[in-house]
Amino acid sequence: MSEFLMKPKVDFAFKEIMMDEKARIGFLAAVLHINPEDIKEIQILNTNLRKLHNNDKLGILDVRILLNSNIEIDAEIQLSELEVWPDRTLFYTSKMFTEQIEKGQDYDVFKKCVSISILDFKLFKNEPDFYSCFHIREDTRNFIYTDKMEFHVIELPKLPKELKEGCSSLELWAKFISAERKEEFDMIAKKDVYIQSAYNKLQVISQDKQKRMEYEARQKALLDHNQFMLEATRRGMEKGRLEGRKEGEEKEKYKTAKKLIELDMATDFIIQVTGFSVEIIDGLRKQ
């Protein structure tokens, strides 16, 4: 039990780590490129599972935060590849934005909305950097249309294998989130006091029997979901192969029937060879 450590990239563990205020401050400062001292207040807004659909039992655990009373942040981890992730984050960030206003209110009530995506797959396959930040800008002159929406994407598989001297706090956080072995955690935590706080929190929750049960249930749900998707894909491919083979065999039978008709073979013989009905063979003769 004492050797066990949860993986921070499992969303349950990440969310628990973000309940630690110091870890939360350090993580947000690293991603948003701000001084930790500029973070005066952090309020957790949402601790519930958010589901894509009403019948989606898996859901995605997100961390919703209000920063300094004027920035709403939604941070999520996604382990399995999802090509529509940009559309998904745009939808939920837009929803987070529009939910701020009520009938009769002025537009100046809107707070800035920030999406943070931590992905365990390569979303932008032609881009080498592990971190990307997006704003709404003018195409040719590159000035910002509005600063009310911001998207941060961290692609864990693009992280360098070894940490270089003087690497950014964001890279340290990304390496911490993707780490799995105690030696990695120990090494990274020594380099950043905020990550050290996150590591302390990770050690505490990893020894909590109830949280470990919840973590393992969450991990099982993710693995079951991925296995279900894999098997569904395999079934679809097999069905496609069978249908393709059946279609190919049908075409071959038509070719054979036509060739036998050209050779003026008897209808009974063609039926015996191809299994076609008299009507089909008569139709082919007319053609």
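1. Re the nonpolar core
Thinking step 1. Counting residues in each nonpolar core, the largest one holds 52 residues, and the members touching the most others are Phe-27 and Phe-176.
Thinking step 2. No other element matches helix α2 (residues 21-32), which puts eight residues into this core.
Thinking step 3. Grouped together as the second largest cluster of nonpolar side chains are seven residues, Ala-257, Ile-270, Phe-276 and Leu-284 included.

2. Quick look at helix α6 (residues 193-206)
Thinking step 1. In a regular helix each residue adds 1.5 Å, so 14 residues correspond to 20 Å; α6 covers 20 Å between its end C-alpha atoms and thus fits that length.
Thinking step 2. Along α6, the residues classified as buried are Ile-195, Ser-197, Ala-198, Tyr-199, Leu-202, Ile-205 and Ser-206.
Thinking step 3. Put simply, Asp-192 is the residue that caps the front of α6, since its side-chain oxygen is 2.8 Å from the backbone nitrogen of Tyr-194.

3. So, the pattern of salt bridges
Thinking step 1. Enumeration according to the criterion identifies 16 salt bridges in this entry.
Thinking step 2. Here Arg-64 ties to Glu-72 by a salt bridge, and the two come within 3.4 Å at their closest N and O atoms. In terms of burial, Arg-64 and Glu-72 fall into one category: buried.
Thinking step 3. We note a salt bridge from Asp-186 to Lys-182, for which the minimum N-O separation is 2.9 Å. On the criterion of helical spacing, the pair formed by Asp-186 and Lys-182 is a turn pair, its members being four residues apart in helix α5 (residues 182-189).
Thinking step 4. Overall, the relative accessible area of 25% leaves Asp-186 in the partly exposed class.

4. What about the packing of helix α4 (residues 169-178) against α6?
Thinking step 1. It is the contact of α4 with α6, at a shortest axis distance of 11 Å, that shows an interaxial angle of 15°. In terms of orientation, α4 lies roughly parallel with respect to α6. Two packed elements cross with a definite hand, and for α4 against α6 that hand is right-handed. Seen from α4, the contacting residues are Leu-172, Trp-173 and Phe-176; seen from α6, they are Tyr-194, Ile-195, Ala-198, Tyr-199 and Leu-202.
Thinking step 2. Grouping the constituent residues of the contact of α4 with α6 by class yields eight nonpolar, no polar and no charged.

5. Topic: the environment of Ser-80
Thinking step 1. With respect to the element layout, Ser-80 can be found in the loop between β4 (71-78) and α3 (85-98).
Thinking step 2. For Ser-80, a relative accessible area of 22% gives the class partly exposed.

Cut-offs used in this document
- Residues numbered from 1 in each chain as written.
- Predicted model: local features only at pLDDT ≥ 70, side-chain atom pairs only at ≥ 80, totals over all residues.
- Heavy atoms only, no water.
- Core = buried A, V, L, I, M, F, W, Y, C linked by side-chain atoms within 4.5 Å.
- Buried < 20%, exposed > 50% of the residue type's maximum accessible area, 1.4 Å probe, protein only.
- Helix = DSSP H or I, 4+ residues; strand = E, 2+ residues; numbered from the N terminus.
- Expected span 1.5 Å × (residues − 1).
- Polar contact = N/O pair within 3.5 Å; in protein donor to acceptor, adjacent residues only side chain to side chain.
- Salt bridge = Lys/Arg side-chain N within 4 Å of Asp/Glu carboxyl O.
- Axes fitted to C-alpha atoms, helices over the stretch in contact; angles between N-to-C directions.
- Parallel < 35°, antiparallel > 145°, perpendicular 65-115°, else oblique.
- Left-handed = near helix turned anticlockwise from the far one by under 90°.
- Contact = heavy atoms within 4.5 Å.
- Nonpolar A, V, L, I, M, F, W, Y, C, P; charged D, E, K, R; others polar.

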